[in-house]
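Close look at the chain arrangement
This is what each chain is made of:
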Amino acid sequence: MSKHIHSARLIWRDLQVGPKELHLDTLKCGQSFRWRYANDLWSCVLNGRLFTLKQTPSTVLYGTLPDQKDDEINMMKSTLKNYFQLDQGISLEQHYQRWSELDDNFKQKAPYFQGIRILRQDPWENLISFICSSNNNIARISKMVQNLCTHYGPHVITMDDIPYYDFPGVDQLAKPGVEDKLRQLGFGYRAKYIAQTAVKIQQKEKNWLMGLRKKSYQEAKTELQTLNGVGPKVAECICLMSLDHPEAIPVDTHVWQIALRDYGFGKKGKTLTPKLYDQVGDHFRQLFGEYSGWAHSVLFTADLRSFKDRLSDIKKEEQVVDINYNDDKKRVKKRVKEEAVIKKEEIEEEKDDNNIKKRSREESLVVRRSTRLKKSLK
């Protein structure tokens, strides 16, 4: 394959997946940090090959070169289906419907965030990327990961004058001097964790990290936390996004704020303690059941600043509902007052009628008595 290509040469092929099953918003919701978005195209190197994707209203397209053979094209399609977990028999649309029935908050946000899937990433890349995520935001994490690839990963191809690199392997980041270089590149304290973790994994048996896919969720989570720079949240991210544990619930600042705001955790405390961390995860697991980590990821995505335009649409709808609700309340109050006035008038009228009837009876009695008196005098 040529080291320089132009996206205009790509031949677009259909991945045959609707937007309710996969939307490429998935690539900007804090799972992977190497996908680049330019000219309405998403591009990233996976397994040493550049993949370029395009969202359409009805499907996702992937680009291939004119000289690529059928077996290469089929391999690319297979890689993408595995990466997006489209080959696992998971109906995201059905899960969205089930989660919406279980939770009104999810139901409210789901129409604006269709097709958010959990990726099935390479565990090594996933691990190092989320060590970079400590006390960080998506933009800075993406910059750090890009620096790792540029300085330690192999150059694969240049498209539209943008160079694309693969993620560096364990051996590249386990070399002497990596920590110092990463500090120079702005990684801070994370530089030590990355270098130490690379050395530690290099010393373990081959495929140890990939082997955690065969472990139970709790076993995998515990073993991951023996690595430098890996706490509960990072371990949960790796379990969810690369180790096939869909029940993992990473609780970061966003998820904690969601729990405080939308799920009543404000009554339990304002600081995220280890105990509350576990309680938040357990709450979402009990609420959403199967694939709870996937449901949690949709709520996480809805809370990201990059999607604030969609949140504003929700807020506008909420304001309309509030206005209608308040108008309804005013109308109800007005109707109640009117009915109270009418009732009072009816009571007064009834009292007047009763008084009139009473006077009439009294007058009639007086007349009868007078008549009897006159008769007796005769």
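Data block above holds the structure.
Now for a look at the structure at hand.

1. Considering the overall build of the protein chain
Scanning the protein chain for helices and strands turns up 15 helices and eight strands. The 378 residues of the protein chain split such that 42% are buried. For the protein chain, the share of sequence-separated contacts (at least 6 apart) that also reach a separation of at least 24 residues comes to 69%. Accessible surface, the protein chain as shown: approximately 21,000 Å² in total, 49% of it carbon and sulfur.

2. Let's talk about the pattern of salt bridges
Close approach of charged atoms allows side chains of opposite charge to pair. Taken as a whole and assessed by the stated rule, the structure comprises 12 salt bridges. Taking the shortest distance from any N to any O, the salt bridge between Glu93 and Lys20 comes out at 3.8 Å. In this pair, Glu93 is assigned in helix α2 (residues 92–102) and Lys20 in the loop between β2 (11–14) and β3 (36–38), connecting sequence segments 73 residues apart. Owing to a relative accessible area of 40%, Glu93 belongs among the partly exposed residues under this scheme. Residue Lys20 is classed as partly exposed on the basis of its relative accessible area, which comes to 43%. One connected set of salt bridges, linked through shared partners, spans Arg34, Glu125 and Asp166.

3. Focus: the packing of aromatic side chains
Under the defined criterion, the tally for this structure stands at 15 aromatic pairs. Ring geometry for Trp35 and Tyr83: centres 6.0 Å apart, planes at 50 degrees, overall tilted. In this pair, Trp35 sits in the loop between β2 and β3 while Tyr83 sits in helix α1 (residues 70–83), placing the two residues 48 residues apart along the sequence. The same class applies to Trp35 as to Tyr83, namely buried. Relative to Phe84, the ring of Tyr83 has its centre 5.3 Å away and its plane inclined at 85 degrees; by these criteria the two rings are edge-to-face. For the residue pair Tyr83 and Phe84, the accessibility class agrees, reading buried in each case. Each member of the aromatic cluster is reached from another via a ring pair, and the members are Tyr96, Trp99, Phe106, Tyr263, Phe284 and Phe288. Directly above the ring of Tyr164 sits Arg36, whose terminal nitrogen or CZ lies 5.7 Å from the centroid.

4. Overview of the state of the cysteines
When the sulfur atoms of two cysteines share a covalent bond, that bond is a disulfide. The full count for this structure, using the stated rule, is zero disulfides. Free of any disulfide, Cys44 has its nearest cysteine sulfur in Cys149, 7.9 Å distant. The thiol of Cys237 is not disulfide-bonded; the next cysteine sulfur, from Cys239, is found 9.4 Å away. A residue is classified by how much of its surface remains accessible, and Cys237, at 4% relative accessible area, is buried.

5. Overview of the sheet that holds strand β6 (residues 60–64)
In sheet architecture, strand pairing relies on hydrogen bonds along the backbone and comes in two forms, parallel and antiparallel. Pairing in this open sheet of five strands is antiparallel, and the strands run β2-β6-β5-β4-β3 from one edge to the other. Edge positions in the open sheet fall to β2 and β3, since each of these has one partner strand only. On average, each strand axis in the sheet is inclined to that of its neighbour by 35 degrees, with strand direction left out of account. On top of the sheet, α1 reaches β2, β4 (41–46), β5 (49–55) and β6; it is set at about 70 degrees to β5, its chief contact.

6. Comments concerning the sheet that holds strand β8 (residues 162–165)
If you trace the three strands from one edge of the open sheet to the other, you get β1-β7-β8, paired in mixed fashion. The open sheet has two free edges, formed respectively by β1 (4–5) and β8, since each of these has just one partner strand. Sheet topology note: the strand β7 (residues 155–159)/β8 ladder contains four bridges and is antiparallel. Following the sheet pairing, His155 is matched in β8 by Tyr165.

7. What about unusual backbone geometry?
The phi dihedral of Gln16 falls on the positive side, at around 60 degrees, and the residue is not glycine. If you trace the backbone, Gln16 turns up in the loop between β2 and β3. For Gln85, which is not glycine, the phi dihedral falls at a positive 55 degrees. Note that Gln85 resides in the loop between α1 and α2.

8. Quick notes on helix α4 (residues 123–132)
Burial within α4 is extensive, with 10 of its 10 residues counted as buried. Where α4 is concerned, the buried positions are Pro123, Trp124, Glu125, Asn126, Leu127, Ile128, Ser129, Phe130, Ile131 and Cys132. Here the buried face of α4 lies against α5 (138–152), α6 (170–173), α8 (190–203), α9 (208–211) and α11 (232–241).

9. Observations concerning the environment of Phe288
Residue placement: Phe288 occurs in helix α13 (residues 274–288). Sequence separation of Phe288 and Glu247 is 41 residues, and the distance between their C-alpha atoms is 9.5 Å. With near-sequence residues (within four places) excluded, Phe288 lies in contact with Arg98, Trp99, Leu102, Asp103, Phe106, Tyr263, Ala295 and Leu299.

10. Some points on the pairing of β6
Within β6, five of the five residues are buried, which leaves it mostly tucked inside the rest of the structure. Neither face of β6 is open: one carries Val60, Tyr62 and Thr64, the other Leu61 and Gly63, and all of them are buried. Both β2 and β6 contribute to a ladder of four bridges, which runs antiparallel. Bridging across to β6, Asp14 finds its partner in Leu61. The pairing of β5 with β6 spans three bridges and is antiparallel. Bridge pairing links Leu53 to Tyr62 in β6. Where β5 folds back onto β6 in an antiparallel hairpin, the turn is made up of four residues.

What counts and how
- Residues numbered from 1 in each chain as written.
- Predicted model: local features only at pLDDT ≥ 70, side-chain atom pairs only at ≥ 80, totals over all residues.
- Heavy atoms only, no water.
- Helix = DSSP H or I, 4+ residues; strand = E, 2+ residues; numbered from the N terminus.
- Buried < 20%, exposed > 50% of the residue type's maximum accessible area, 1.4 Å probe, protein only.
- Contact = heavy atoms within 4.5 Å.
- Areas by Shrake-Rupley, 256 points an atom, 1.4 Å probe, with all protein chains shown as cover.
- Salt bridge = Lys/Arg side-chain N within 4 Å of Asp/Glu carboxyl O.
- Phe/Tyr/Trp six-rings, centres within 6.5 Å; stacked < 30°, edge-to-face > 60°.
- Lys NZ or Arg CZ within 6 Å of the ring centre and 35° of its normal.
- Disulfide = S-S within 2.5 Å.
- Pairing = 2+ DSSP bridges.
- Axes fitted to C-alpha atoms, helices over the stretch in contact; angles between N-to-C directions.

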